[in-house]
Amino acid sequence: MIEIAEERIEILFNRASEDFSLHPERSHRYVNMARKIAKKYNLKIPGTWKRRFCKRCHHFLQPGSNCKIRLSGSSVNIKCLECGEAVKIPYIKEKKERRRRKFESNTF
Ligand SMILES: [Zn+2]
């Protein structure tokens, strides 16, 4: 059951992304459906999609269309243009990961 739920979440987000240009309101609905499934089965939204919707108004976010992404220092700033919510995501983790990979490729 959980596997099916995970698959459905993935499908819903993919569809939200595909439909956004023509039917943004459908995308927002898909996000809501995916969130409901995640909640029901106590699942986490996959990392790739986690940042693709606004945590305040829950609208699907399409960079360059209804959200703005700015890089500043050590974080990524995502601003939802639907409700104005701004989210800061530090990317220290990614930086560390890259450093680690570099280190590994040097040693092997
Ligand atoms: Zn929003």
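As shown above, the structure is provided for reference.
Residues numbered from 1 in each chain as written. Predicted model: local features only at pLDDT ≥ 70, side-chain atom pairs only at ≥ 80, totals over all residues. Heavy atoms only, no water.

Student: Would you mind showing me how to read the nonpolar core here?
Tutor: One recurring pattern in soluble globular proteins is that nonpolar side chains are buried together. Core analysis: the largest hydrophobic core is formed by 16 residues, its most contacted members being Ile9, Phe13, Ile45 and Phe60. Taken together, the elements giving at least two residues each to this core come down to α1 (2–19) and α2 (24–40). Residues within four places of Phe60 in sequence aside, it is in contact with Phe13, Ala16, Ser17, Phe20, Ser27, His28, Val31, Trp49, Arg52, Phe53 and Asn66. Counting 8 residues, the second-largest nonpolar core is a separate cluster that includes Cys67, Val76, Cys80 and Ile89. (Core = buried A, V, L, I, M, F, W, Y, C linked by side-chain atoms within 4.5 Å. Buried < 20%, exposed > 50% of the residue type's maximum accessible area, 1.4 Å probe, protein only. Helix = DSSP H or I, 4+ residues; strand = E, 2+ residues; numbered from the N terminus. Contact = heavy atoms within 4.5 Å.)

Student: So what exactly am I meant to see when it comes to the coordination of the zinc ion here?
Tutor: Ideal geometry at a metal centre gives angles of 109.5 degrees when four donors are arranged tetrahedrally and 90 or 180 degrees when six donors are arranged octahedrally. Donor atoms from the polypeptide that bind the zinc ion are Cys54 (SG), Cys57 (SG), Cys80 (SG) and Cys83 (SG), placed at 2.3 Å. Viewed at the metal, the 4 donor atoms of the zinc ion are separated by angles of 107 to 112 degrees, and the geometry they form is tetrahedral. When the donors of the zinc ion are listed by position in the chain, the intervening gaps give C-x2-C-x22-C-x2-C. A residue pair is termed long-range when its members are at least 10 positions apart, and Cys54 in the loop between α3 (47–50) and β1 (67–72) and Cys83 in the loop between β2 (75–80) and β3 (86–90) qualify at 29 residues. On the accessibility criterion, Cys83 (24% relative accessible area) is partly exposed. (Donors = N, O, S within 2.8 Å, 3.2 Å for Na, K, Ca; no water. Tetrahedral: all angles 85-135°; square planar, octahedral: opposite > 155°, others 65-115°.)

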